[in-house]
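Residue strings, one per chain:
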Amino acid sequence: MTVESSAARKPRRTAAGKAGTAGGKTGTTGAATGATGTKRTTRSTAGKSTDPELVQLLTPEGKRVKNAEYDAYVAGITPEELRGLYRDMVLTRRFDAEATALQRQGELGLWASLLGQEAAQIGSGRATREDDYVFPTYREHGVAWCRGVDPTNLLGMFRGVNNGGWDPNSNNFHLYTIVIGSQTLHATGYAMGVAKDGADSAVIAYFGDGASSQGDVAESFTFSAVYNAPVVFFCQNNQWAISEPTEKQTRVPLYQRAQGYGFPGVRVDGNDVLACLAVTKWALERARNGEGPTLVEAFTYRMGAHTTSDDPTRYRGDEERLAWEAKDPILRLRRYLETSNHADEGFFAELESESEALGKRVREAVRAMPDPDHFAIFENVYADGHALVDEERAQFAAYQASFADEGGH
């Protein structure tokens, strides 16, 4: 699908046109030198590396930790904004749970849940500006929420009543991409156009750890690096490419792949909404300043199935899921809000009511969706029409008419 560029709204600044760099991080791999809040790579006695660098601002227990590299990007966040991030994650999870239930009830053909990945999506989504452009996969329901796409519009494709459900240019949020990894090419090309337009905006492309093995992603990295495209590659490493674990896809941490293409990579705690917000802000700022692409690996976990047609119990154990449940992104922020006295029980109770209202609205909207026009599939295939399409339309019309009984019903 061709997306009309809306990037030429503002003049684009270049690295030469602005003093300094984004936080002094040009060429960094995202590792804070000795900074609290960044977990360093260590070596075991066997010479093997253990946990890679991981940017974290909020521990699983809800404790705020300092980070010399990224604190500045969330330094001005207010209690109201923190409550907003929590609200975003709660409502996104509620919508996602409702969509899963609707699929189980036969109202949707399929659903790809984001359960467990709320912090990665909300944190990165809230880091974008209105004039930035987003290229999602088919699981970025939280990012869609941040971009102002009505949740009910996400469900039409999964119900089979439309081919997308929203105008991408209305929110600078591209339609969901089902083909694995291809959206990174779309994002790179769009970002190259942004640069040629001289626009002061950036592009962000979402993909998973499994997609990182696709040739499309490698080609995107090459083109974006060579042409210094203002794009952020946001990889949600949820540990499983359907049933294939990350260790069977790569011999190095995913964020380190960026080094081979000549641009920075950083691994962030994908269950830490503050860290995801800060790191994505940094990466987008680099892009806008003319400093080229960045790879962000959000280290998170897919709590549910790959889609509703998947059974994760066949390839992973309960102990793994339980370990990640202890790192729940929503519970983490709630603990911080409570211990910091940034939210009271009234806030949580009101949000619970809002959550239930959202679930009810989604149920009603899905069941009220009209059936698509059976013949719409033949429209807009060719600009000027085509004899073969006309023939196929006539054959389909005859097939549909064969279901009518003698009474015309």
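Refer to the structure above for everything that follows.
Residues numbered from 1 in each chain as written. Predicted model: local features only at pLDDT ≥ 70, side-chain atom pairs only at ≥ 80, totals over all residues. Heavy atoms only, no water.

A. Fine view of the overall build of the chain. Helix and strand counts for the chain come out as 12 helices and nine strands. For the chain, the proportion of its 409 residues judged to be buried stands at 51%. Summarising the internal contacts of the chain: among those between residues at least 6 apart in sequence, 74% fall at separations of at least 24. As presented, the chain carries roughly 18900 Å² of accessible surface, and 51% of it is formed by carbon and sulfur atoms. (Helix = DSSP H or I, 4+ residues; strand = E, 2+ residues; numbered from the N terminus. Buried < 20%, exposed > 50% of the residue type's maximum accessible area, 1.4 Å probe, protein only. Contact = heavy atoms within 4.5 Å. Areas by Shrake-Rupley, 256 points an atom, 1.4 Å probe, with all protein chains shown as cover.)

B. Focus on the nonpolar core. Ranked by size, the top nonpolar core spans 69 residues in total, and within it Y86, L155 and L333 carry the most contacts. Sorting elements by how many residues they give to this core places helix α8 (residues 273-288) first, with 11 residues. Excluding residues within four positions of it along the chain, Y86 makes contact with I330, L333, R334, L337, F347, F348 and L351. V194, A211, V217 and C235 belong to the second-largest nonpolar core, a separate cluster that totals 21 residues. (Core = buried A, V, L, I, M, F, W, Y, C linked by side-chain atoms within 4.5 Å.)

C. Looking closely at a nonpolar patch on the surface. Together, F223, V226 and Y227 make up a nonpolar patch on the protein surface, roughly 340 Å² of accessible area in all. Among the residues examined, V226 registers a relative accessible area of 63% and is labelled exposed. (Patch = residues over 30% accessible without salt bridge, like charges linked within 9 Å, V, L, I, M, F, W, Y side chains within 5 Å. Salt bridge = Lys/Arg side-chain N within 4 Å of Asp/Glu carboxyl O.)

D. Structural detail: the pattern of salt bridges. A complete count under the given rule lists 24 salt bridges for this structure. Residues D132 and R288 are paired through a salt bridge, measuring 2.6 Å at the closest nitrogen-oxygen approach. Taken together, the positions of D132 in the loop between α2 (118-127) and β3 (133-135) and R288 in helix α8 put the pair 156 residues apart, joining distant regions of the chain. Of the two residues examined, D132 and R288, each falls in the buried class. Members of the salt-bridge network, linked through shared partners, are R94, E98, E356 and R363.

E. Up close: the packing of aromatic side chains. Counted by the stated rule, this structure contains 28 aromatic pairs. Ring geometry for F221 against Y261: centres 5.2 Å apart, planes inclined by 80°, an arrangement best described as edge-to-face. In this pair, F221 is assigned in helix α7 (residues 215-226) and Y261 in the loop between β7 (244-245) and β8 (265-269), connecting sequence segments 40 residues apart. The exposure class assigned to Y261 is partly exposed, which follows from its relative accessible area of 31%. Centre to centre, the rings of Y261 and F263 are 6.4 Å apart; their planes meet at 35°, and the pair counts as tilted. Among the aromatic residues, those joined into a cluster by ring pairs are F95, W111, F158, W166, F173 and Y176. (Phe/Tyr/Trp six-rings, centres within 6.5 Å; stacked < 30°, edge-to-face > 60°.)

F. View of α8. Between the first and last C-alpha of α8 there are 22 Å, a value that for 16 residues agrees with the 22 Å anticipated at 1.5 Å per step. For α8, a buried count of 14 out of 16 residues is recorded, marking the element as mostly surrounded by other parts of the structure. The N-capping residue of α8, defined by a side-chain oxygen 3.1 Å from the backbone nitrogen of L274, is D272. Phi turns positive one or two residues past the end of α8, at G290, with a value near 80°. (Expected span 1.5 Å × (residues − 1). Polar contact = N/O pair within 3.5 Å; in protein donor to acceptor, adjacent residues only side chain to side chain.)

G. Up close: empty space enclosed by the protein. Inspection of the entire model under this criterion finds one cavity of 30 Å³ or more. Its volume calculated, the largest cavity comes out at about 30 Å³. Taken together, F207, S212, F221, C235, L254, R257 and L295 make up the full set of residues lining the largest cavity. (1 Å grid on protein atoms, 1.4 Å probe; cavity = no way out; pocket = protein on both sides within 12 Å on 5 of 7 lines; lining within 4 Å. Points joined across faces, edges and corners; volume = space filled by probe spheres on them.)

H. Representation of the side chain of S355. Locating S355 in the fold gives a position in helix α11 (residues 345-367). In this structure S355 comes out as buried when scored by relative accessible area, which is 4%. For S355, the contacting residues outside a window of four places in its chain are L91 and R94.

I. Region of the structure containing the layout of surface pockets. The volume enclosed by the second largest pocket comes to roughly 300 Å³. Around the second largest pocket sit 21 residues that line it, and Y138, R139, I180, G208 and H306 are the ones nearest its centre. Counting only elements with at least two residues in the lining of the second largest pocket, the list comes to β4 (203-208) and β6 (240-241). Broken down by class, the residue content of the lining of the second largest pocket amounts to eight nonpolar, 10 polar and three charged. (Nonpolar A, V, L, I, M, F, W, Y, C, P; charged D, E, K, R; others polar.)

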